[in-house]
Number of protein chains: 2
Amino acid sequence: TQELIDAQVARSWGQQLIRGWSHGWIEAPERIGAKIAGLLGAKAHELIVADSTSVNLFKLALAALLARPERHKIVTDDLNFPSDLYVLQGICQLLKRPCRVEVVKSTDSIHGPMEGLGEAIDEDTALVTLSHTVFKSGYTYPMAELTQLAHKSGALTLWDLSHSAGALPVQLNQSKADLAVGCTYKYLNGGPGAPAFLYVREDLQDQLGNPISGWMGQKNAFEFGLDYQPAAGLRHFLSGTPPILSLSAIEPGVELILEAGIEQIRRKSVQQSEYLIALWRQKLAPLGYTLNSPEDPRQRGSHISLGHPEGLRIDLALINEMNVLPDFRYPDNIRLGITPLYTSFADIYHAVDRLAKVVEDGLYHRYSTEGIAVT
Amino acid sequence: TQELIDAQVARSWGQQLIRGWSHGWIEAPERIGAKIAGLLGAKAHELIVADSTSVNLFKLALAALLARPERHKIVTDDLNFPSDLYVLQGICQLLKRPCRVEVVKSTDSIHGPMEGLGEAIDEDTALVTLSHTVFKSGYTYPMAELTQLAHKSGALTLWDLSHSAGALPVQLNQSKADLAVGCTYKYLNGGPGAPAFLYVREDLQDQLGNPISGWMGQKNAFEFGLDYQPAAGLRHFLSGTPPILSLSAIEPGVELILEAGIEQIRRKSVQQSEYLIALWRQKLAPLGYTLNSPEDPRQRGSHISLGHPEGLRIDLALINEMNVLPDFRYPDNIRLGITPLYTSFADIYHAVDRLAKVVEDGLYHRYSTEGIAVT
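Parameters and conventions
- Residues numbered from 1 in each chain as written.
- Chains lettered and ligands numbered in written order.
- Predicted model: local features only at pLDDT ≥ 70, side-chain atom pairs only at ≥ 80, totals over all residues.
- Heavy atoms only, no water.
- Helix = DSSP H or I, 4+ residues; strand = E, 2+ residues; numbered from the N terminus.
- Buried < 20%, exposed > 50% of the residue type's maximum accessible area, 1.4 Å probe, protein only.
- Polar contact = N/O pair within 3.5 Å; in protein donor to acceptor, adjacent residues only side chain to side chain.
- Contact = heavy atoms within 4.5 Å.
- Buried area = accessible area lost by both parts, 1.4 Å probe.
- Salt bridge = Lys/Arg side-chain N within 4 Å of Asp/Glu carboxyl O.
- Nonpolar A, V, L, I, M, F, W, Y, C, P; charged D, E, K, R; others polar.
- 1 Å grid on protein atoms, 1.4 Å probe; cavity = no way out; pocket = protein on both sides within 12 Å on 5 of 7 lines; lining within 4 Å.
- Points joined across faces, edges and corners; volume = space filled by probe spheres on them.
- Least-squares fit on C-alpha atoms with pLDDT ≥ 70 in both.
- Phe/Tyr/Trp six-rings, centres within 6.5 Å; stacked < 30°, edge-to-face > 60°.
- Pairing = 2+ DSSP bridges.
- Axes fitted to C-alpha atoms, helices over the stretch in contact; angles between N-to-C directions.
- pLDDT = per-residue confidence, 0-100.
- Core = buried A, V, L, I, M, F, W, Y, C linked by side-chain atoms within 4.5 Å.
- Patch = residues over 30% accessible without salt bridge, like charges linked within 9 Å, V, L, I, M, F, W, Y side chains within 5 Å.
- Areas by Shrake-Rupley, 256 points an atom, 1.4 Å probe, with all protein chains shown as cover.
- Disulfide = S-S within 2.5 Å.

Notes on the side chain of Asn80(A)
Residues and elements named next belong to chain A.
Here is step 1 of the chain: Tracing the backbone shows Asn 80 in the loop between strand 2 (73–77) and helix 4 (82–94).
Here is step 2 of the chain: Relative accessible area serves as the criterion here: at 1%, Asn 80 is assigned to the buried category.
Here is step 3 of the chain: There is a polar contact of 3.0 Å between the side chain of Asn 80 and the side chain of Thr 76.
Here is step 4 of the chain: Excluding residues that lie within four positions of it along the chain, Asn 80 makes contacts with Leu 85, Thr 129, Leu 130, Ser 131 and Phe 135.

See below:
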């Protein structure tokens, strides 16, 4: 990635100047999208890279609501990433009709509320949208089952795959999923804030419109016509010019995952997660750590959250003194990502050892919960 | 820029990992925005870097229309960048009330239709939005005069500064402009598809909402509350996570322009443009080239468009054989950008010499208008 980006800056931008657009830049959203599609059980022309996850969610969720004009409800859950809820709330306010976001509550904060969702999804539901793997507990929804449930009521589905893409095999086509979005900077290794992807199933591409109708989605953009005419297929879901350096950095990571094989990555991820849980049971549970992720590997993505009443202070001690870098997720989740291409079993052993040491030696007492760093 | 990006990839991303967010990344939209504000006559906290120009235009134009709920019209002109018109057309369809985009026609394709705009802007106008410097002819609108006209009717103004930022001094505050957007990859040298900026005048920031209400604009985002609460000030106009590599690359170019001084850059830009026009008159007009830009430097940005019936074929010959790299803009504009920090008077002399040679020697005959490259 480092070499590629250096060449992009020095050669493509620095020397080729605008010629870079005809040497790979203009097709990059589709070219890289097609590669990501290979990890997600989608056809190459069903996935494209553009904008941020939030902007893509806005575009697709709004498009879905406009395609179900007689319905008034978006169904989601309280395990979804809050930003997704914010975007949905904003969309509801824009609609010409009454609209509400029904946030189904999880009973245990770990598992998706399948029963509650079953009750909430009805004939008035335009869209069911969930994080496929949820950001705190790592619970993974059964995509095909939920999609079938939504379709039975005539609703569309929109999956946020941010914590699934590159972490486990996803079967968008096989599950009959309608729409999806996701970021490329977690398991896909696309780099900080790298552009996101969006998926629209083949048969929906010309049925749905992009509310942010910009020039990158225009048919024959270089004719500079004054009226918007959407490009055929997925391309009209592009809006403005993509950030090329950040976009380019996505490709090598995706290629590595394709080369390794997502099935094999998943196999090792399950082994490593099980190993981590076994170590938790043996060494960490006695110290007050709880397992805030599902025990059943079939219900899990590739991260494990451990809870502790002193979670935030423990997290700070781990980062600052122990060279263990979890994410802390309110109220008490110490989130550990398992990334088989570069996480070893020894890494996991050492991480658990340090989690134990931080509590045994009371190292977290040095940290206050005030003024935490944003990570 | 090359060193900075290499350090971002190798050190900040490669070694610091997510710690980069607390070492400069999270504040980058505001930090770089504040520097750009210094070029545009805005206060530091009135400008932020985010998304693409199209997405920012969508956010601000929609916010403006929602702030004028009893009005039905957006006024713009046919010299505006078509993407801006596409975005406006898309917004109109979303509104709960009738809405139309009135595109005022220019009489000569070069100068902004001041008279027509004066007639179009009325009590039913919610928003007046124009390219400050238009992309084909380089005509620059009198911002203060237009803004006054809009305000007299109670309309808001939204300026697209893509071809002005870094090219000439802009006086957003002094002109009483309400809103602005613009790209960073033309005169600001931010790199291919670098993220765009948006400006919201101080007193409007808490009056207007961001329709794409994502987590970067949330008050206390790391509390992960389930209800959207906009951050105070400009920050709630952020939506999703910014693409850090592309964002970082903006800063060195902006700093160079600040160091050189936009007034001095402007002075040289006018000298160079006048030199180019003098050479056109002497050497190119006799060969059939027309001046498709205003003759008066006070009405011009920093690019000059030359027309020719064989414009596209001439453009292709220049790019492929003469090491002159203009943009071609339909139907006949050969657009030459004057960028005083790295364009010399000798460059201009040679460019004109080659424009002459391409016609004198008939070199353009080798090129067809089919299968042109996208640049």
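Structural notes on the interface of chain B and chain A
Here is step 1 of the chain: The interface is formed by 75 residues belonging to chain B together with 75 residues belonging to chain A.
Here is step 2 of the chain: Both faces considered, chain B and chain A share a buried interface measuring about 6,300 Å² in area, 70% of it formed by carbon and sulfur atoms.
Here is step 3 of the chain: Contact with chain A buries surface across chain B, with Tyr86(B), Pro192(B) and Phe224(B) losing the most and accounting together for 12% of the total.
Here is step 4 of the chain: At the boundary of chain B and chain A, one finds zero salt bridges.
Here is step 5 of the chain: Across the chain B-chain A interface, the total number found is 28 residue pairs in polar contact (both at pLDDT 80 or more).
Here is step 6 of the chain: Sorting elements by how many residues they give to the side of chain B that touches chain A places helix 4 (residues 82–94) of chain B first, with nine residues.
Here is step 7 of the chain: Of the residues contributing to the side of chain B that touches chain A, the split by class is 42 nonpolar, 24 polar and nine charged.

Digging into empty space enclosed by the protein
Here is step 1 of the chain: Taken as a whole, this structure holds five cavities of 30 Å³ or more when the rule is applied.
Here is step 2 of the chain: By volume, the largest cavity amounts to about 200 Å³.
Here is step 3 of the chain: Looking at the largest cavity, it is lined by 20 residues, and the ones nearest its centre are Asp51(A), Ser52(A), Asp51(B), Ser52(B) and Pro243(B).
Here is step 4 of the chain: Considered class by class, the residues forming the lining of the largest cavity number 10 nonpolar, eight polar and two charged.

As for the relation of the copies chain B and chain A
Here is step 1 of the chain: Take chain B, turn it by 180 degrees, move it 0.0 Å along the axis, and it overlays chain A with an RMSD of 0.0 Å. Considering both components of the superposition, the chain copies are consistent with a two-fold axis. The position closest to the rotation axis in chain B is occupied by the C-alpha of Lys96(B), lying 2.4 Å away.
Here is step 2 of the chain: Comparing interface residues between copies, 100% of those in chain B also sit at the interface in chain A, which points to an isologous, same-surface contact.

As for the environment of Ala196(B)
All names here are of chain B.
Here is step 1 of the chain: By secondary structure assignment, the location of Ala 196 is in strand 7 (residues 196–200).
Here is step 2 of the chain: Exposure remark for Ala 196: the relative accessible area of 1% places this residue in the buried category.
Here is step 3 of the chain: Non-local contacts of Ala 196, meaning those with residues more than four positions away in its chain, are made with Ile 48, Val 49, Ala 50, Asp 51, Ser 52, Thr 53, Asn 56, Gly 182, Cys 183 and Thr 184.

Remarks on the packing of aromatic side chains
Here is step 1 of the chain: All told, the structure shown has 23 aromatic pairs over all chains when counted by the stated rule.
Here is step 2 of the chain: Note on Trp21(A) and Trp25(A): the rings are 5.3 Å apart at their centroids and 85 degrees apart in plane angle, and the pair reads as edge-to-face. Per residue, the accessibility class of Trp21(A) equals that of Trp25(A), and both read buried.
Here is step 3 of the chain: Through a chain of ring-to-ring contacts, three or more aromatic side chains come together here, namely Phe81(A), Phe135(A), Trp215(B), Phe222(B) and Phe224(B).

Some details on the sheet that holds strand 3 (residues 100–104) of chain A
Residue and element names in this part refer to chain A.
Here is step 1 of the chain: What the seven strands build is an open sheet, ordered 1-7-6-5-4-2-3; its pairing is mixed. Two strands bound the open sheet, and with one partner strand each, they are strand 1 (47–50) and strand 3. On average, each strand axis in the sheet is inclined to that of its neighbour by 20 degrees, with strand direction left out of account.
Here is step 2 of the chain: Inspection of the sheet shows strand 4 (residues 125–131) paired to strand 5 (residues 156–160) by five bridges, in the parallel sense. Residue pairing for strand 5: Leu 127 is matched across the bridge by Leu 156.

Digging into the sheet that holds strand 10 (residues 327–329) of chain A
In a beta sheet, neighbouring strands pair by backbone hydrogen bonds and run either parallel or antiparallel.
Residues and elements named next belong to chain A.
Here is step 1 of the chain: Read from one edge to the other, the open sheet built from four strands follows the order 8-9-11-10, with strand pairing classed as antiparallel. The outermost strands of the open sheet, each flanked by one partner alone, are strand 8 (290–291) and strand 10.
Here is step 2 of the chain: The pairing of strand 8 with strand 9 (residues 303–307) spans two bridges and is classified as antiparallel. In the strand pairing of strand 9, Leu 291 is matched with Leu 306.

Regarding helix 8 (residues 250–260) of chain A
All names here are of chain A.
Here is step 1 of the chain: Within the span of helix 8, buried status applies to Ile 250, Glu 251, Pro 252, Gly 253, Val 254 and Ile 257.
Here is step 2 of the chain: In the core, the buried residues of helix 8 are packed alongside helix 1 (2–13), helix 2 (28–37), strand 1, helix 7 (244–248) and helix 9 (262–284).
Here is step 3 of the chain: Looking one or two residues beyond helix 8, the residue adopting positive phi is Gly 261, at roughly 95 degrees.

Notes on the confidence of the model for chain A
Here is step 1 of the chain: Averaged over every residue, the pLDDT of chain A is 96; the share at 70 or more is 98%.
Here is step 2 of the chain: Confidence estimates for the predicted assembly give a pTM of 0.97 and an ipTM of 0.96.

What about the nonpolar core?
Here is step 1 of the chain: Counting residues in hydrophobic clusters, the biggest one holds 176 residues, and the most contacted among them are Ile36(A), Leu40(A), Leu172(A), Ile36(B), Leu40(B) and Leu172(B).
Here is step 2 of the chain: Setting aside anything within four residues of it in sequence, one finds Leu172(A) in contact with Leu40(A), Gly41(A), Ala42(A), Met143(A), Leu161(A), Ala177(A), Ala180(A) and Tyr199(A).

A look at a nonpolar patch on the surface
Here is step 1 of the chain: A contiguous nonpolar surface patch, about 320 Å² in accessible area, is contributed by Leu256(A), Leu341(A) and Tyr342(A).
Here is step 2 of the chain: Among the secondary structure elements, Leu341(A) is positioned in the loop between strand 11 (333–337) and helix 11 (345–360).

Considering helix 10 (residues 311–321) of chain B
Residues and elements named next belong to chain B.
Here is step 1 of the chain: Among the 11 residues of helix 10, nine are classified as buried, and the element is accordingly described as predominantly covered.
Here is step 2 of the chain: Looking at the buried residues of helix 10, the elements they touch are strand 10 (327–329), strand 11 (333–337) and helix 11 (345–360).
Here is step 3 of the chain: After helix 10 finishes, the residue Asn 323 shows a positive phi value of roughly 55 degrees.

Looking at unusual backbone geometry
Residue and element names in this part refer to chain A.
Here is step 1 of the chain: The amide bond that connects Tyr 330 to the next residue, Pro 331, takes the cis arrangement and shows omega of 0 degrees.
Here is step 2 of the chain: Take Pro 331: it is sitting in the loop between strand 10 and strand 11.
Here is step 3 of the chain: You will see that Lys 176, though not glycine, has its phi angle at about 60 degrees, which is positive.

So, the environment of Ala177(A)
All names here are of chain A.
Here is step 1 of the chain: Turning to its location among the elements, Ala 177 is positioned in the loop between strand 5 and strand 6 (179–182).
Here is step 2 of the chain: Distance from Ala 177 to Leu 146, taken between C-alpha atoms, is 9.2 Å for residues 31 residues apart in sequence.
Here is step 3 of the chain: In this structure, Ala 177 is in contact with Met 143, Thr 147, Thr 157, Trp 159, Leu 172, Tyr 199 and Arg 201, ignoring residues within four places of it in sequence.

Looking at the pairing of strand 6 of chain A
Residues and elements named next belong to chain A.
Here is step 1 of the chain: Across the two faces of strand 6 the burial is the same, with Leu 179 and Val 181 and Ala 180 and Gly 182 all buried.
Here is step 2 of the chain: Relative to strand 6, strand 5 runs parallel, the two sharing three bridges. Within the sheet, the bridge partner assigned to Leu 158 lies in strand 6 and is Leu 179.
Here is step 3 of the chain: The pairing of strand 6 with strand 7 (residues 196–200) spans four bridges and is antiparallel. Across the sheet, residue Gly 182 finds its bridge partner in strand 7, namely Phe 197.

Describing the state of the cysteines
Residues and elements named next belong to chain B.
Here is step 1 of the chain: Tallied over the full model, the rule gives two disulfides over all chains.
Here is step 2 of the chain: A sulfur-sulfur separation of 1.9 Å characterises the disulfide bridge that pairs Cys 92 with Cys 99. Residues Cys 92 and Cys 99 are joined through a disulfide that is left-handed, its torsion about the S-S bond being -60 degrees.
Here is step 3 of the chain: For Cys 92, a relative accessible area of 9% gives the class buried.

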